[in-house]
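# Reading the structure
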Amino acid sequence: ATVWRGERCVHYLGADGKGRTMPFKAEGIVEGATPEIVLAHNIRLETKWSDKRRKPVVRLVEEVNPCTAVWYEQRAMPWPIWNRESCYLETWTVREDGSILVVRESIAHPGAAFDDKQMVALREFAAQLLTPDGNGNTKYVVSTEFNVGGMLPGGLIDKQLQGMAKLAQDLTSKLKADPALVETLKTEAAAKLAAAGSS
């Protein structure tokens, strides 16, 4: 069922959305950016999240190859809710049609020891499909399924999902406002694709 609609995207919640495992899908268009630029932006963003008060704390645990890495993440929650920890494997590949598929799956890893004072998110799966539209834009589709590990207020989950549903729209605004960033991301994307091709 469609339960929330933005200007350029739709938020879908699965039939069992009232349970602890939440399936979710959102899609939108990132204007003026190819899939490679979107990929480079997301990888760069992932490595810069470190503010414990407002954003996730993200740490690289292991780089398996240029396309695959293991990450530790701690999501800050408002008091008195415990923060959520997770460890996940993330990998990406360029497909024959020029689209890029990014997949994330929660795993156990000896390099990601959890804090007893946090709550471990029991399950996380996410997929991003970045597809070129032939006009220099990217169709951005995000699908997730997660178990938050305990109960969270519905308002917190709604806020997170609505933010995810606006990813394409927000990224369009960010890139249009910063042409220098777009040029930097083009360079980073070319380097990542070259490294992936040689591995």
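Structure: above.
Right, let's walk through the structure included here. These numbers were taken from a predicted model, which means no experiment stands behind them. (Residues numbered from 1 in each chain as written. Predicted model: local features only at pLDDT ≥ 70, side-chain atom pairs only at ≥ 80, totals over all residues. Heavy atoms only, no water.)

### Considering the nonpolar core
Applied cut-off: Side-chain atoms within 4.5 Å link the members of a nonpolar core, which is a set of buried Ala, Val, Leu, Ile, Met, Phe, Trp, Tyr and Cys residues. The buried label applies to any residue whose accessible area, calculated with a 1.4 Å probe on protein chains only, is under 20% of its type's maximum; exposed applies above 50%, and partly exposed to all values in between. By the criteria applied, helices consist of DSSP H or I runs no shorter than four residues and strands consist of E runs no shorter than two, each listed in order from the N terminus. Residue contacts are counted whenever heavy atoms from the two residues lie within 4.5 Å of one another.
With 22 residues, the main nonpolar core has Val30, Val38, Leu39, Trp92, Tyr140 and Leu175 as its most contacted residues. Every element with two or more residues in this core is listed here: α1 (35–48), β7 (100–106), β10 (138–147), α3 (167–177) and α4 (179–198). Dropping the residues within four chain positions of it, valine 38 is found in contact with Val30, Ala33, Leu130, Thr138, Tyr140 and Leu171. The next biggest cluster of nonpolar side chains, apart from the first, holds 5 residues, and it includes Val61, Tyr72, Cys87 and Ala112.

### Focus: the pairing of strand β5 (residues 68–75)
The test is simple: Paired strands, as defined in this entry, are two strands with at least two bridges between them according to DSSP.
In terms of burial, β5 is largely enclosed, as 7 of its 8 residues are buried. By the bridge criterion, 7 bridges tie strand β4 (residues 57–65) to β5 in an arrangement that is antiparallel. Note on β5: the bridge partner recorded for asparagine 65 is threonine 68. Counting the residues in the hairpin turn of β4 and β5 gives 2 residues. Relative to strand β6 (residues 84–94), β5 is paired through 8 bridges, and the arrangement is antiparallel. The partner of alanine 69 across the bridge, within β6, is glutamate 90.

### Details of the packing of aromatic side chains
Keep this limit in mind: Only Phe, Tyr and Trp rings take part, Trp by its six-membered ring, and two of them pair if their centres are within 6.5 Å. Stacked means planes under 30 degrees apart, edge-to-face means over 60, and tilted covers everything else. In this scheme, the term charge over a ring applies when either NZ of a lysine or CZ of an arginine sits within 6 Å of the ring centre and within 35 degrees of the ring normal.
Tallying each qualifying case throughout the model produces 0 aromatic pairs. Looking at arginine 104, its charged tip hangs above the ring of tyrosine 88, at a distance of 3.9 Å from the centre.

### Side note on the side chain of asparagine 137
Test applied: Polar contacts here mean pairs of N or O atoms no more than 3.5 Å apart (in protein, one a potential hydrogen donor and the other a potential acceptor; neighbouring residues in sequence count only if both atoms are side-chain atoms).
Note that asparagine 137 resides in the loop between β9 (123–132) and β10. Side-chain polar atoms of asparagine 137 contact the backbone nitrogen of glycine 32, separated by 2.7 Å. Look past the residues within four positions of asparagine 137 in its chain and what remains in contact with it is Ile29, Val30, Glu31, Gly32, Ala33, Thr131 and Pro132.

### Considerations on a nonpolar patch on the surface
Rules: Each patch is assembled from residues with relative accessible area greater than 30% and no salt bridge, linking like charges that lie within 9 Å and nonpolar side chains (Val, Leu, Ile, Met, Phe, Trp, Tyr) that lie within 5 Å. In short, Shrake-Rupley with a 1.4 Å probe defines the accessible areas, and a residue's cover is counted only from the protein chains shown. Note on definitions: salt bridges are taken to be side-chain nitrogens of Lys or Arg within 4 Å of carboxyl oxygens of Asp or Glu.
There is a patch of nonpolar side chains on the surface, built from Val64, Leu89 and Ile107 and spanning about 200 Å² of accessible area. You can see isoleucine 107 is positioned in the loop between β7 and β8 (119–120).

### A closer look at the pattern of salt bridges
The full count for this structure, using the stated rule, is 4 salt bridges. As a salt-bridge pair, glutamate 90 and arginine 104 come within 3.2 Å of each other at their nearest N and O atoms. Here glutamate 90, found in strand β6, pairs with arginine 104, found in strand β7; they are 14 residues apart in sequence, far enough to count as distant. Judged on exposure class, the residue glutamate 90 and its partner arginine 104 are both buried.

### Here's the deal with the side chain of arginine 104
Taking relative accessible area as the criterion, arginine 104 reaches 15% and is therefore assigned buried. Within the local environment of arginine 104, its side chain forms a polar contact with the side chain of tyrosine 88, the two groups lying 3.4 Å apart.

### Regarding the environment of alanine 168
With respect to the element layout, alanine 168 can be found in helix α3. Residues alanine 168 and valine 38, spaced 130 residues apart in sequence, show a C-alpha to C-alpha distance of 9.4 Å. Setting aside anything within four residues of it in sequence, one finds alanine 168 in contact with Gly28, Ile29, Val30 and Tyr140.

### Examining α3
Under the convention used in this document: For this quantity, the arc is that covered by the directions from the helix axis to the C-beta atoms.
Residues Ala168, Leu171, Thr172 and Leu175 constitute the buried set of α3. All buried residues of α3 fall inside an arc of 105° around its axis, so they share one side.

### Section: the environment of valine 103
Its location among the elements puts valine 103 in strand β7. Of the residues examined, valine 103 reaches a relative accessible area of 24% and is grouped as partly exposed. Those residues in contact with valine 103, other than ones at most four positions away along the chain, are Leu89, Glu90, Thr91, Phe125, Ala126 and Ala127.

### Regarding the environment of alanine 194
Along the polypeptide, alanine 194 turns up in helix α4. Look at alanine 194 and you get partly exposed, because its relative accessible area is 49%. Taking the C-alpha atoms as reference, alanine 194 lies 9.4 Å from proline 66; in sequence the two are 128 residues apart.

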